[in-house]
Structure formats: structure tokens, C-alpha cells
Amino acid sequence: MSYTQNTYTNLLVSFPPRPIKSEEDLEKIQNIVDSLLDKGKLTEDEEDYLYLLAMLIEEYEEKQDLVPDIYGIELIKALMVELDLKQKDLIPIFKTESIVSDVLNGKRKLTVEHIQKSAELFHLSPAVFFPEN
């Protein structure tokens, strides 16, 4: 076997794969993955090493709660932040700013009509406004 710069052993020595324990670790591994992917055609050793790094990333991401299960009012609040909306922007859903305020402050519950109009406004299925369980 000829000795090339990117043999599997050299790849392991240059950046020994370890379990990912932080976002910093993830970023380091992602940089290595990106550099391999940018290379284009990979050797079999590079493909195997890339596969190993991908498994570590997948294992880490499975342990993270990347998308919290939010629904109802909390979902509307998150969408408001994401889309930089104000309470007055929700008047088409709730009819008055005081109802918007009451709903967002938990003084009133979402109605079926509120959910339908929210789904239309945010281009979502009405089902996302209900808890998973």
C-alpha cells in the first residue's frame, strides 16, 4: 500500500475524532467535514473518515433538543419574534388589540377561529398550534 497524505491513519492523527460535548466541538468537526466536502472527489479513506465524523455529529444532534415542542400562544410569540411582528400585526386574527394582549398574556385562550386565522397568517397547519400529546 502506498503512503498518501490522506490515509485513514493520517486523518485520524490530524484530527482525532472524539464524542462531541459542546457547540465548540461541533464547530470544529463541522469545519473538517466542510473541508473534506469542498475537496470534491474523496479517496476511500477520506470517505470512511467523513462517515465517522458524520456519525459523531448525528449522535450529538440526536441528544440535543434542537426544536422545542412549542405550540399555542408560545408558538405565536415565537413566530412574532422570528418575523419581527408587533401585537397590532395580529389584529386580523383576534379583531382587537385588547384581545391580542389578553391572549398573549394568558388571560384568554385561543379559539378555533384564532387557530385557523393564525395558521393562515403564518402559512402553517392548524395542527402545529396543538400539543403533540
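Note: the structure precedes this text.
What you see is a predicted model; the values in this text were computed from it and never measured. (Residues numbered from 1 in each chain as written. Predicted model: local features only at pLDDT ≥ 70, side-chain atom pairs only at ≥ 80, totals over all residues. Heavy atoms only, no water.)

(A) Fine view of the overall build of the protein. Each helix and strand in the protein was counted, giving seven helices and zero strands. Helices (α) and strands (β) of the protein occur, in sequence order from the N terminus, as α-α-α-α-α-α-α. For 133 residues, the compact-globule estimate of 2.2 N^0.38 gives 14 Å, and the C-alpha radius of gyration of the protein, at 24 Å, exceeds that figure by more than 25%. Counting only C-alpha atoms and orienting by the principal axes, one finds that the protein spans roughly 75 × 25 × 25 Å. Relative to its 133 residues, the protein shows a buried fraction of 26%. Relative to all contacts within the protein whose residues are 6 or more apart in sequence, the contacts with residues 24 or more apart total 54%. Counting every atom, the protein has about 9600 Å² of accessible surface; 53% of that belongs to carbon and sulfur. Averaged over its 14 positive side-chain charges, the protein has a centre that lies 10 Å from the centre of its 26 negative ones. (Helix = DSSP H or I, 4+ residues; strand = E, 2+ residues; numbered from the N terminus. Rg over C-alpha atoms; globule rule 2.2 N^0.38 Å. Buried < 20%, exposed > 50% of the residue type's maximum accessible area, 1.4 Å probe, protein only. Contact = heavy atoms within 4.5 Å. Areas by Shrake-Rupley, 256 points an atom, 1.4 Å probe, with all protein chains shown as cover. Lys, Arg positive; Asp, Glu negative; His and termini not counted. Charge placed at Lys NZ, Arg CZ, Asp CG, Glu CD.)

(B) View of the nonpolar core. Judged by nonpolar contacts, the single largest core of 16 residues is most densely connected at Ile-76, Leu-90, Phe-94, Leu-104, Phe-122 and Phe-129. Among the secondary structure elements, those contributing two or more residues to this core are α4 (72–83), α5 (91–94), α6 (97–104) and α7 (112–122). If sequence neighbours within four positions are ignored, Phe-122 has contacts with Leu-79, Leu-83, Leu-85, Leu-90, Ile-93 and Phe-129. Ranked by size, the runner-up nonpolar core spans 14 residues in total, among them Leu-11, Leu-26, Leu-50 and Leu-56. (Core = buried A, V, L, I, M, F, W, Y, C linked by side-chain atoms within 4.5 Å.)

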